[in-house]
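Observations on chain architecture
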Amino acid sequence: MALELASQVAAGDAAPPLSEAKLTALRRHSDAEPGVVIVDHEDTVFACAVVAVASRPSEWGVEVVIPVGHRNIETLGALIDATAALVSPRGASVLRLWLYTEDLLDGALALGFEPERTLLLMRRPLPGDDVETPPRDFAVRGFRVGEDEDRWLRVNNAAFATHPENSNWDRGRLEERLAMSWFDPAGLRMAWDGDTLLGFCWTKVHPEGEGEIYIIAAAPEQQGRGMGRALVIEGMRFLAEAGLRSVFLFCEADNTAAVALYRKLGFTVDRSHRSLLKRLGQPNR
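One structure accompanies this document, and this report is about it. (Residues numbered from 1 in each chain as written. Predicted model: local features only at pLDDT ≥ 70, side-chain atom pairs only at ≥ 80, totals over all residues. Heavy atoms only, no water.)

Looking only at helices and strands, the protein chain features 8 helices and 11 strands. Overall, the C-alpha framework of the protein chain stretches about 60 × 35 × 35 Å when taken along its three principal axes. Residues classed as buried in the protein chain amount to 48% of the 285 residues present. Of the contacts formed within the protein chain by residues at least 6 apart in sequence, a portion of 69% connects residues at least 24 apart. In the protein chain, 31 positive and 41 negative side-chain charges are present, and the distance between their average locations comes to 4 Å. (Helix = DSSP H or I, 4+ residues; strand = E, 2+ residues; numbered from the N terminus. Buried < 20%, exposed > 50% of the residue type's maximum accessible area, 1.4 Å probe, protein only. Contact = heavy atoms within 4.5 Å. Lys, Arg positive; Asp, Glu negative; His and termini not counted. Charge placed at Lys NZ, Arg CZ, Asp CG, Glu CD.)

Here it is, written out as structure tokens:
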């Protein structure tokens, strides 16, 4: 039911209402993750919230699916209240709300949420003929399923040691992504110096025909040596050769070095995704 509603809302919206992580959790349909809160209106399901425990048991993430005609503080407040009632007995003290459009931001602030993070969705056309290809002294190839998992995990977890979403991946989480219908081993571009993984650029092709730089990381010892720029260009090259005409990526708004790099490579900001925090037990404003 939640998946069907999310699909309907996504079809008429500028951005999908649920992240890949929440969609994956919904499809997995475990008992603990996600929890789904449904709001009925005249016996019609018209909005829901998908919740899942975050990296700490006291923090739970929530994303809402609300059709445009029902996007108001009353609907959002009902979903948040029901979500709080669901997760408080499970030890939750903080809700993290992700918003992928701007039309619910004022309502969330009025309900007592405080801004936490802003993710910039940046986009540019392909090919990248306007970008100079840097010289490189490493080999690049696609991912080898059954061989590269452990080294990928080491680089990813080291590069994103403090990142709220990309840190602490384990074999199960990686294999879940490798099993996705969109996964193409060749599209996970791996940079090697002999048997040492220097970094990677994981690309993704969306059904509508647009490419994404899904995850990009350089091993910590490679940072500051131009590896990030080389990996972005490699991802763009791969997607352009696959016939795609545009590419996008996400970047933390406060990561000024990365934002500057992407701008130099021709990316511009398309829209923002925001996370907000609310401590449970505090009254709404």
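From this point, things continue past the structure.
Another aspect to go through is the environment of Arg237. Secondary-structure assignment places Arg237 in helix α7 (residues 227-241). Take Arg237: its relative accessible area is 31%, and that puts it in the partly exposed class. Considered as a pair, Arg237 and Arg71 are 166 residues apart in the sequence and their alpha carbons are 40 Å apart.

Here we come to the nonpolar core. Membership of the largest hydrophobic core comes to 29 residues, with the highest contact counts inside it found for Met122, Ile213, Val232, Met236, Tyr262 and Phe267. For this core, the secondary-structure elements that each account for two or more residues are β5 (114-125), β8 (196-205), β9 (211-218), α7, β10 (246-252) and α8 (256-264). It is α7 that contributes the most residues to this core, 8 residues altogether. Excluding residues that lie within four positions of it along the chain, Ile213 makes contacts with Cys201, Trp202, Val232, Met236, Val247, Phe248, Leu249 and Phe267. Ala47, Ala49, Ile80 and Leu276 belong to the second-largest nonpolar core, a separate cluster that totals 24 residues. (Core = buried A, V, L, I, M, F, W, Y, C linked by side-chain atoms within 4.5 Å.)

What follows concerns unusual backbone geometry. A cis amide bond, omega 5°, links Leu126 with the succeeding residue Pro127. Here Pro127 lies in the loop between β5 and β6 (139-141). Even without being a glycine, Asn168 presents a positive backbone phi close to 60°. Residue class for Asn168 comes out exposed when judged on its relative accessible area of 64%.

Take the packing of aromatic side chains next. The final tally for this structure, using the stated rule, is 11 aromatic pairs. Pairing Trp152 with Trp202 gives two aromatic rings, centres 5.6 Å apart and planes at 90°, and the pair type is edge-to-face. Pair noted here: Trp152 is in helix α5 (residues 149-159) and Trp202 is in strand β8, with a separation of 50 residues, a long-range link. Here the aromatic residues Phe143, Trp152, Trp169, Trp182, Phe183, Phe200, Trp202 and Tyr214 are joined through ring pairs into a cluster of three or more. In this structure, Arg144 is placed above the aromatic ring of Trp192, and the distance from its NZ or CZ to the ring centre is 5.7 Å. The residue whose ring lies beneath Lys204 is Trp182, and the NZ or CZ to ring-centre distance is 4.5 Å. (Phe/Tyr/Trp six-rings, centres within 6.5 Å; stacked < 30°, edge-to-face > 60°. Lys NZ or Arg CZ within 6 Å of the ring centre and 35° of its normal.)

Let's shift gears to α5. Every buried residue of α5 is listed here: Glu149, Trp152, Leu153, Val155 and Asn156. Where α5 is buried, its residues meet α6 (171-178), β7 (188-193), β8 and β9.

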